[in-house]
Amino acid sequence: MRIHLIAAGTRMPPWVEAGFDEYARRMPPELSLRLVEVPLGRRGKGADLDRLREKEGRKMLAAVPRDARIVALEVKGAAWDTPTLARHLQSWMAEGRDLALLVGGPEGLPDACRAAAHGQWSLSPLTLPHPLVRVVLAEQIYRAWSILAGHPYHR
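The rules we used
- Residues numbered from 1 in each chain as written.
- Predicted model: local features only at pLDDT ≥ 70, side-chain atom pairs only at ≥ 80, totals over all residues.
- Heavy atoms only, no water.
- Salt bridge = Lys/Arg side-chain N within 4 Å of Asp/Glu carboxyl O.
- Helix = DSSP H or I, 4+ residues; strand = E, 2+ residues; numbered from the N terminus.
- Buried < 20%, exposed > 50% of the residue type's maximum accessible area, 1.4 Å probe, protein only.
- Phe/Tyr/Trp six-rings, centres within 6.5 Å; stacked < 30°, edge-to-face > 60°.
- Expected span 1.5 Å × (residues − 1).
- Contact = heavy atoms within 4.5 Å.

A short note on the pattern of salt bridges
(1) Moving on: On inspection of all chains with the given rule, the structure shows 12 salt bridges.
(2) Moving on: With its nearest N and O atoms 2.6 Å apart, the salt bridge here joins glutamate 22 to arginine 25. Within this pair, glutamate 22 and its partner arginine 25 are both found in helix α1 (residues 14–26), separated by three residues, close to a single helical turn.
(3) Moving on: A relative accessible area of 27% means that glutamate 22 is categorised as partly exposed.
(4) Moving on: Classification of arginine 25 by relative accessible area gives exposed; the value is 57%.
(5) Moving on: Across the pair glutamate 107 and arginine 43 runs a salt bridge whose closest N-O atoms are separated by 2.6 Å. One end of the pair, glutamate 107, is in the loop between β4 (99–103) and α4 (111–116); the other, arginine 43, is in the loop between β2 (32–38) and α2 (49–63), and 64 residues separate them in sequence.

Quick word on the packing of aromatic side chains
(1) Moving on: For the coordinates displayed, the defined rule picks out five aromatic pairs.
(2) Moving on: Here tyrosine 142 and tryptophan 145 contribute two aromatic rings whose centre-to-centre distance is 5.7 Å and whose plane-to-plane angle is 35 degrees, an arrangement assigned as tilted. With tyrosine 142 and tryptophan 145 both in helix α5 (residues 130–149) and three residues apart, this pair spans about one turn of that helix. No difference in accessibility class separates tyrosine 142 from tryptophan 145, as the two residues are buried.
(3) Moving on: Judged by centre distance (4.8 Å) and plane angle (70 degrees), the rings of tyrosine 142 and tyrosine 153 are edge-to-face. Of the two residues, tyrosine 142 is situated in helix α5 and tyrosine 153 in the segment after α5; the sequence distance between them amounts to 11 residues.
(4) Moving on: When its relative accessible area of 5% is taken as the criterion, tyrosine 142 is described as buried.
(5) Moving on: Taking the relative accessible area as the measure of exposure, tyrosine 153 reaches 22% and is therefore partly exposed.
(6) Moving on: Members of the aromatic cluster, joined through ring pairs, are Tyr23, Tyr142, Trp145 and Tyr153.

Digging into helix α3 (residues 82–95)
(1) Moving on: Spanning 14 residues, α3 covers 20 Å between terminal C-alpha atoms, matching the ideal 20 Å at 1.5 Å per step.
(2) Moving on: Of the positions making up α3, those classed as buried are Thr82, Thr84, Leu85, Ala86, Leu89 and Trp92.
(3) Moving on: Buried positions along α3 lie against β1 (2–8), β3 (69–79), β4, β5 (119–122) and α5.
(4) Moving on: Two residues or fewer past α3, glycine 96 is found with a positive phi of approximately 80 degrees.

What is shown is where atoms sit, not what they do.
Quick look at the structure:
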C-alpha cells in the first residue's frame, strides 16, 4: 500500500522537507509515504479565493490514484488518538488499496474534495500552519505503523 499525502502549496521551508523526508524514509517499503504538492493559485489583492480553492481542489483530486481511499484533513473531522489511527491504518492496509490524504490550502478544502472523501480526519482543534501539518501527518503515520509492527518507537 502507498500513502499519498496530497497537499496544496509548494516551496516549503527546508525544515518541513527535512521533517517529512525523515519520517517517509523510516516507513517500510510495503507502506511507502509519498508527497504530492499542488501549487497554490496567486492570492493577490482582489483574488477570487473561492475560485482558487476550487481549482486547487480539482488538481488535488486529479492527483489521487485510481481506486485509492480518500481521507480529507478537516478541522471538523473525526479526532483520533494515535492507537485509533493505528487501527484505521491496519484496516486500510487490509483493504489493499492506496490511501490519499488531502490537505487544503489557506482556505481549506473545497466541497468537491470533502464529497469525494471516504472520511474526514482532524489532527487537532487548533489551527495548524499547513507546512507543519505535513510533518505531523508523516510522524503520526510512522508512529501508527510502529504500533502495528511492535516497534519500540511508540512507548
